[in-house]
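Structure assessment
Now for the letters of each chain:
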Amino acid sequence: MKTLKTATVFGAAIALTGCVTLLPKTKPAQLYRFGYTPELVEQKAEAAGTAGRAVGMAPTGIVFGTVTFPQDSAGDRIVTVEGSEVAYVAEARWTSAASGLFKDAISTGFARGGQSVTLEPRGPTAANFRLDISVRKFETDYKRNRPTVSVALDARLIRLSDRMVVGQKFISADIPVRKSDMSLMADGYNEATTQVVTSLIDFSEDALANYAQTATPQEMAKPSATQKVEGL
C-alpha cells in the first residue's frame, strides 16, 4: 500500500462514533492549492516552436453553465484510489473546496489563455453559447505504489437559443508523480489542471470556429441585453 498517510472514507465515519474531545490535540492539516499556471503553457509552446494562436476579431463570449464534480472529491479532502480502495490523505487539505478551485482555474485560463473565446461576465443574456462541464475524475490513482494525478471531464458547448450541442469532448490529463509525497502531488494537480483547462479552451475555440463556418450572421450575433433565455 502507498506510504502517503491516508484515512479511508469509511474509517473516518466510524471514528466519529468514538470519544470526542473539545481540545484540538490532533496535528493541524497542511493546506495545498492548485490552479491554472500560464507559465506551463508558455514553456510547452516555446518548446514546440509555436507562439500561440493569432488574435483576430473580437472574441466570442460564452457563459458557464453547470460545473459538476464527483461527490467524494468535490470538497477540501484529497482523494486517493488504489484498486477498489478509496482514501483521503491524512493531515492534508485543499485551501478550499476542490470544485471551487477548479472553477476558478477555468476562469483564469479563459482570461489568460483564450484568444477567440472569452467567458462573458454579464450572464446568459449577453451570450449565445453556454459551456457545461462534468468532472469525472479528480484524484490520485495508485498502481504498484506509484501515484498518478488523474483529472478528467466531459465538456459540452450549447447554443442557448435552441439547446443545440455545438460541440462535445472528453478531456483528460494523467500526471505521474515521482514519489508518494503530498507537495509533489500538489504540483501534479497544478499541471493536470492546467493541461485540462488548456484543452478546454482549445475545444471551445475549435467548436465555435467550426460552427461559424456554417452559421448565419444572425445566429452568430450576440443577443440583446433584453433578450430572454428560457430554461436556465
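The present account deals with the structure reproduced in this document. Residue indices follow the written sequence of each chain, beginning from 1 at its first position. With pLDDT at 70 or above as the cut-off, local features in this predicted model cover only qualifying residues; side-chain atom pairs require 80 or more to be listed or tallied, and sums for whole chains, interfaces and linings still use all residues. The basis for the side-chain values is all heavy atoms of the structure; hydrogens and waters are excluded.

This brings us to the pattern of salt bridges. Each salt bridge in this description consists of a side-chain nitrogen of Lys or Arg and a carboxyl oxygen of Asp or Glu lying within 4 Å of one another. Under the definition given, this model contains five salt bridges. A salt bridge links Asp 162 to Arg 159; the shortest N-O distance between them is 2.3 Å. The exposure class of Asp 162 is partly exposed, given its relative accessible area of 41%. It is possible to trace a salt-bridge network through shared partners that takes in Lys 137, Glu 139 and Asp 141. Relative accessible area decides the class of each residue, using a 1.4 Å probe on protein chains only: under 20% of the type maximum gives buried, over 50% gives exposed, and in between gives partly exposed.

Attention now moves to the packing of aromatic side chains. Side-chain rings of Phe, Tyr and Trp (the six-membered ring for Trp) are treated as a pair once their centres are within 6.5 Å; stacked means planes under 30 degrees apart, edge-to-face means over 60, and tilted covers the remaining angles. Tallying each qualifying case throughout the model produces nine aromatic pairs. Look at Phe 34 and Trp 94: their rings are 4.9 Å apart centre to centre, the planes differ by 75 degrees, and that puts the pair in the edge-to-face class. Of this pair, Phe 34 sits in the loop between β2 (30-32) and α2 (38-48) while Trp 94 sits in strand β6 (residues 92-94), placing them 60 residues apart in sequence. Trp 94 carries the same exposure label as Phe 34, and that label is buried. Taking 5.3 Å as the distance between ring centres and 55 degrees as the angle between the ring planes, the aromatic pair formed by Phe 69 and Phe 138 counts as tilted. You can see Phe 69 sitting in the loop between β3 (60-68) and β4 (79-82) and its partner Phe 138 sitting in strand β8 (residues 129-143), a full 69 residues away along the chain. Phe 69 sits in the buried class, given a relative accessible area of 14%. Going along the chain from the N terminus, every DSSP run of H or I of four or more residues is numbered as a helix, and every run of E of two or more is numbered as a strand.

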